[in-house]
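Each chain, letter by letter, is given below.
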Amino acid sequence: AQTVTQSQPEMSVQEAETVTLSCTYDTSESDYYLFWYKQPPSRQMILVIRQEAYKQQNATENRFSVNFQKAAKSFSLKISDSQLGDAAMYFCAYRSATGGYQKVTFGTGTKLQVIP
Amino acid sequence: SAVISQKPSRDICQRGTSLTIQCQVDSQVTMMFWYRQQPGQSLTLIATANQGSEATYESGFVIDKFPISRPNLTFSTLTVSNMSPEDSSIYLCSVAGTTNTEAFFGQGTRLTVV
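1. What about the overall build of chain B?
Right, on to step 1. Each helix and strand counted, chain B has zero helices and eleven strands in total.
Right, on to step 2. Listed by position from the N terminus, the elements making up chain B come as β-β-β-β-β-β-β-β-β-β-β.
Right, on to step 3. In terms of C-alpha radius of gyration, chain B reaches 13 Å, essentially the compact-globule figure of 13 Å for 114 residues.
Right, on to step 4. Projected onto its principal axes, the C-alpha positions of chain B cover 40 × 25 × 20 Å.

2. Remarks on the environment of Arg10 of chain B
Right, on to step 1. Mapped onto the elements of the fold, Arg10 of chain B is located in strand E2 (residues 10–13).
Right, on to step 2. When its relative accessible area of 53% is taken as the criterion, Arg10 of chain B is described as exposed.
Right, on to step 3. For the pair Arg10 of chain B and Val95 of chain B, spaced 85 residues apart in the sequence, the C-alpha separation amounts to 20 Å.
Right, on to step 4. Those residues in contact with Arg10 of chain B, other than ones at most four positions away along the chain, are Arg43 of chain A together with Arg110 of chain B.

3. Structural notes on the sheet that holds strand E8 (residues 75–80) of chain B
Two pairing modes exist for strands in a sheet, parallel and antiparallel, and in both the strands are linked by backbone hydrogen bonds.
Residues and elements named next belong to chain B.
Right, on to step 1. Within the open sheet, the four strands sit side by side as E1-E3-E8-E7. Their pairing is antiparallel. The open sheet has two free edges, formed respectively by strand E1 (4–7) and strand E7 (68–72), since each of these has just one partner strand. Direction aside, the axes of adjacent strands within the sheet are offset by 15 degrees on average.
Right, on to step 2. Where E7 lies against E8, three bridges are found, and the strand directions are antiparallel. Among the inter-strand pairings, Asn72 is bridged to a residue of E8, identified as Phe75.

About the thresholds
- Each chain carries its own residue numbering, running from 1 in the direction its sequence is written.
- Throughout, the order in which chains and ligands are written sets their labels, letters from A for the former and numbers from 1 for the latter.
- This being a predicted model, a pLDDT of at least 70 is required before a residue's local features are given, and a value of 80 or more before pairs of side-chain atoms are given or counted; all residues contribute to the totals for chains, interfaces and linings.
- Side-chain metrics in this entry use all non-hydrogen atoms of the structure; hydrogen atoms and water are not considered.
- A run of H or I in DSSP becomes a helix once it reaches four residues, and a run of E becomes a strand once it reaches two; helices and strands are each numbered from the N terminus.
- Here the globule rule reads 2.2 Å times residues to the power 0.38, and the radius of gyration is calculated from C-alpha atoms.
- Remark: exposure states derive from per-residue accessible area (1.4 Å probe, protein chains only) relative to the maximum for the residue type, with buried under 20%, exposed over 50%, and partly exposed in between.
- Here, residues are in contact when the closest pair of their heavy atoms is within 4.5 Å.
- At least two DSSP bridges between two strands are needed for those strands to be called paired.
- Only the stretch in contact is used when fitting a helix axis, every axis being a line fitted to C-alpha atoms; angles between N-to-C directions are given from 0 to 180 degrees.

Rendered as structure tokens:
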């Protein structure tokens, strides 16, 4: 079974600074997707960024970028120019790309605090 | 991206009663998913609901406790039956995106059982 591990329960960053959230995963598959989701206090799970395992190029979405290391099974999220609205729980997630749509497995989350 | 509406957004219920949570999607989707998020925890999949067939439950979840309906391609309900305080959680509805890669979520239902 696939597992997703987030070893940082909480992180803090000064506004306008850069922060990196860590994620590792375990799988025997070669084709899969990785995601970072943001959950603010409103509870809404919001997709931040997606990475396909077959792509070597790291995904970027505006201030958000990932460092995807497939051999190391590592998938970190970098938030640049942090804003107060970035404060939330961040979940790393994995989904197999084999055999149709598969369920998403989530990590335990990292609570990000942004300090003004 | 899909727009997902969940009702109710929150509720406080007495133990022993049942609550039905509704999930409405703005487009037709084959698969809908129900997750539970216990306080301070991550998301755990309860079941997958396909239209026209019985829901598939994950280990540790049973139909008698969490019956699910899926009457059409845009709607599903999850019932939390015979509730106890341990059922106090956020329950989230989810669907796959049109490209069948990422998942989209409703705003969740915060359930408190007293």
